[in-house]
Amino acid sequence: MFPFRIGQGYDVHRLVEDRELWLCGIKLEHTLGLLGHSDADVAIHALCDALLGAAARRDIGYHFPDTDPAYKGADSKRLLAEVCTLIGRDGWKIGNVDITIMAERPKLKPHIDDMRRCLADVMNIDVECVSVKATTTERLGFTGRQEGIASSAVALIYKAQ
Ligand code: MG
């Protein structure tokens with residue numbers, strides 16, 4: 001079997017008042033936060049789906065259903081750690097991951113390196129193998145109107161021969 005696989009993931013969460021804003025495992029100061037059953041860390045959710053997709057292991061909603069009270073308010077870092085354990089049991093190691101966050105606000109540039117370090121720690125891989133990128137959508141669409149934040153991710157996994 002070819003020892004490399006790639007996967008991609010995508011997620012969206014709605015921005016609302018009176019919620020904390022968590023992105024890539026980091027809590028950010030902002031007037032709005034993301035709504036969801038867990039902490040709604042849209043970037044980690046996209047990353048989990050990329051890793052699960054690479055391993056052909058379904059998706060985050062399959063493993064952590066939003067009807068399960070165990071995941072209510074859950075720290076998404078815990079979900080990511082569980083995904084790493086799951087694909088690790090299949091013999092997969094993580095090569096690199098690349099995340100794009102689509103958000104008009106807040107400005108993410110000052111937080112990118114903290115985000116990379118946080119995700120690298122959870123996945124137990126080198127920070128050089130973790131890329132986090134941010135873009136606005138030029139005030140267009142739901143992300144541009146600050147109604148929500150979207151994230152996409154790709155991941156490469158491999159099996160050591
Ligand atoms: Mg989600």
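All figures in this text were calculated on a predicted structure; none of them were measured in a lab.

Asker: Please explain the coordination of the magnesium ion as it appears in this structure.
Answerer: Note on metal sites: the ideal angle is 109.5 degrees for four tetrahedral donors, and 90 or 180 degrees for six octahedral donors. With distances of 2.1 to 2.3 Å, the protein atoms coordinating the magnesium ion are D11 (OD), H13 (NE2) and H45 (ND1). In the primary structure, the donors to the magnesium ion are separated according to the pattern D-x1-H-x31-H. Highlighted residues: D11 in strand β1 (residues 4-16) and H45 in helix α1 (residues 42-54), separated in sequence by 34 residues. Note on accessibility: D11 and H45 belong to one class, buried.

Asker: How should I be thinking about the pattern of salt bridges in this particular structure?
Answerer: Between side chains of opposite charge, a pair can form when the charged atoms approach closely. Evaluation of the coordinates by the stated rule reveals eight salt bridges. The closest approach of N and O atoms between R117 and D114, which form a salt bridge, is 3.0 Å. Note that R117 and D114 are positioned in helix α4 (residues 112-123) at a spacing of three residues, about one turn of the helix. Overall, D114 belongs to the partly exposed group, its relative accessible area being 37%.

Cut-offs applied
Here the residue index of a chain counts from 1 through its sequence in written order. Restriction of local features to residues with pLDDT of at least 70 applies here, the model being predicted, together with a cutoff of 80 or more for giving and counting side-chain atom pairs; totals for whole chains, interfaces and linings are based on all residues. Each side-chain value is worked out from all heavy atoms of the structure, with water and hydrogens disregarded. The rule for donors is simple: an N, O or S atom within 2.8 Å of the metal counts, and for Na, K and Ca the reach is 3.2 Å. Water is not among the atoms, so a site may look short of donors. Per the convention used, a helix needs a DSSP run of H or I reaching at least four residues, while a strand needs a run of E reaching at least two, with both numbered from the N terminus. Relative accessibility thresholds used throughout: buried, under 20% of the residue-type maximum; exposed, over 50%; partly exposed, between the two (1.4 Å probe, protein chains only). Basic side-chain nitrogens of Lys or Arg form a salt bridge, by our definition, when they fall within 4 Å of a carboxyl oxygen of Asp or Glu.

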